[in-house]
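These are the residues of each chain, in order.
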Amino acid sequence: MVATDILNQHYSLSQEQIDFYNQYRYIKLKDVLDEETLNYYNVIISNKVDELNDVETPLEDRNTYGKAFLQLFNLWQQDEIIKELIFSKRIAKIAADLMDVEGVRLYHDQALFKEAGGGITPWHADQHYWPLATDKTITAWIPLQKTPLEMGPLEFSAGSHQILHGRDLSISDDSEAQIEKRLKVTDYKHVIEPFDAGEISFHSGWVFHRAGTNTTNHIRKVMTIIYMDKNMRLKEPSNDGQQNDWETWCPGAKIGEVINTPLNPVLYGN
Ligand SMILES: O=C(O)CCC(=O)C(=O)O
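For every chain, the first residue of its written sequence is number 1, and the numbers climb from 1 along that sequence. Per-residue local features of the predicted model are confined to residues with pLDDT of at least 70, and side-chain atom pairs are confined, for both listing and counting, to 80 or more; whole-chain, interface and lining totals are unaffected and use all residues. To obtain the side-chain values, all non-hydrogen atoms of the structure were included, while hydrogens and water were left out.

**Student:** Explain the overall build of the protein to me, and be specific about the residues and the numbers.
**Tutor:** Broken down by element type, the protein carries seven helices and 11 strands. As a reference, a globule follows 2.2 Å times the number of residues to the power 0.38, and the radius of gyration itself is taken over C-alpha atoms. What you see for the protein is a C-alpha radius of gyration of 17 Å, in line with the 18 Å of a compact globule of 270 residues. If one aligns the C-alpha atoms of the protein with their principal axes, the spans along those axes are about 45 × 40 × 40 Å. Only heavy atoms matter for contacts: two residues are in contact if any of them lie within 4.5 Å across the pair. Within the protein, contacts between residues at least 6 apart in sequence are counted, and of these 85% link residues at least 24 apart. Surface summary for the protein: the accessible area is close to 12,100 Å², and the carbon and sulfur share equals 47%. Helix numbering and strand numbering both begin at the N terminus, where a helix is a DSSP run of H or I of at least 4 residues and a strand a DSSP run of E of at least 2. Residue burial considers only the protein chains on display, and all accessible areas are found by Shrake-Rupley using a 1.4 Å probe.

**Student:** I'd like to hear about the side chain of Thr186, residue by residue, with values.
**Tutor:** Mapped onto the elements of the fold, Thr186 is located in the loop between helix 6 (173-184) and strand 7 (190-191). Any N or O atom pair separated by 3.5 Å or less is treated as a polar contact, with the protein-specific requirement of one donor-capable and one acceptor-capable atom, and with residues adjacent in sequence counted only for side-chain atom pairs. From its side chain, Thr186 meets the backbone oxygen of Leu183 in a polar contact 2.7 Å long. Separated by 3.3 Å, the side chain of Thr186 and the backbone nitrogen of Tyr188 make a polar contact.

**Student:** Which residues make up the packing of aromatic side chains, and what are the values?
**Tutor:** Between the rings of Phe, Tyr and Trp (Trp by its six-membered ring), a pair exists once the centres lie within 6.5 Å; its type follows the angle of the planes, with under 30 degrees stacked, over 60 edge-to-face, and the other angles tilted. The full count for this structure, using the stated rule, is nine aromatic pairs. Linked through ring pairs, Phe20, Tyr24, Tyr26 and Phe156 together constitute an aromatic cluster. Look at NZ for Lys and CZ for Arg. If either is within 6 Å of the ring centre and within 35 degrees of the ring normal, a charge sits over the ring. Positioned over the ring face of Phe87 is Lys83, at 5.2 Å from the centre of the ring. One cation-aromatic arrangement involves Arg167 over Trp206; the distance from NZ or CZ to the ring centre is 4.1 Å.

**Student:** With reference to specific residues and values, describe the site of the ligand.
**Tutor:** Taken together, 13 residues lie around the ligand, and Thr121, His124, Trp141, His209 and Arg220 are the ones closest in. The separation between an oxygen atom of the ligand and a polar side-chain atom of His124 is 3.0 Å. Between an oxygen atom of the ligand and a side-chain N or O atom of Arg220, the distance comes to 2.8 Å. Notes on the ligand: free accessible area 290 Å², of which the protein chains cover 96%. Residues are counted as near a molecule or strand when any one of their heavy atoms sits within 4 Å of it.

**Student:** Describe the environment of Gly103, with residues and values.
**Tutor:** With respect to the element layout, Gly103 can be found in the loop between helix 5 (89-99) and strand 3 (104-114). Along the backbone, Gly103 and Asp229 are 126 residues apart, and their C-alpha atoms lie at a distance of 6.2 Å. The residues contacting Gly103, other than those within four sequence positions of it, are Met228, Asp229, Lys230, Tyr268 and Gly269.

**Student:** For the sheet that holds strand 4 (residues 121-124), give the residues involved together with the corresponding values.
**Tutor:** Within a beta sheet, neighbouring strands are joined by backbone hydrogen bonds and run either parallel or antiparallel to one another. Any two strands are treated as partners once DSSP identifies two or more bridges connecting them. Read from one edge of the open sheet, four strands run 4-9-6-7, paired in antiparallel fashion. Every interior strand has two partners, whereas the edge strands, strand 4 and strand 7, have only one. Every angle, taken between N-to-C directions, lies between 0 and 180 degrees, and every axis is a line fitted to C-alpha atoms, over only the stretch in contact when it is a helix. Across the sheet, helix 6 is in contact with strand 4, strand 6 (154-157) and strand 9 (209-211); its angle to strand 4 comes to roughly 50 degrees.

As structure tokens, then:
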């Protein structure tokens, strides 16, 4: 067996897991990847991030966003082997089943490497940045190593997609403070858990999430795949971030029409 065979094998989700996702809009799933595949991609993605990263500013001189992670986009276009991970039918079908849609397309991928000594990822909701017409969006957050609490694993406010206050805040000290304050007076559970090797989380575009600092001497290496319903339509952008995302991640898509550009291939479904 080569390391990547698991990428197209079926992963069984129970109805309970689908119901859990539907209620809380996040879920953590164990053994989506095996250790062999994980170690293989850890090396390949790390090499690509090293090659493409152009951030030279020392960590201490960056702002809060800059301290949170090194961020590199659409690696699937840079490397055929990384493309096999991003095009994994196993992961894409989980995304489709959790959202209860027939198929999913790629919005974009990104590597999020929280460096040793890296800062927090402030509370935020992703869909604030996306010009997408419905909430059928989901991110697979794929740690490339076992991720203990000290490394800053992804944290969720379970079920917080129902809160409107704070959705419009870009990732910043302000979003961290305001959303934290709002969440404190709700009953939504703040889920802070380590990730085993091979464990992946899925979260929807409107659920609030954050990550802590990385206090270890190792980089917290994560790859993410952002999926949307394959029938997702482009909406009129309502902020500069959404305008920029339209031009960058779905160039040529038309408002009101299904986002069917070469950058948005269907990864599961017909
Ligand atoms: O990896 C992180 O620290 C944050 C990830 C995140 O916000 C996301 O994938 O939506």
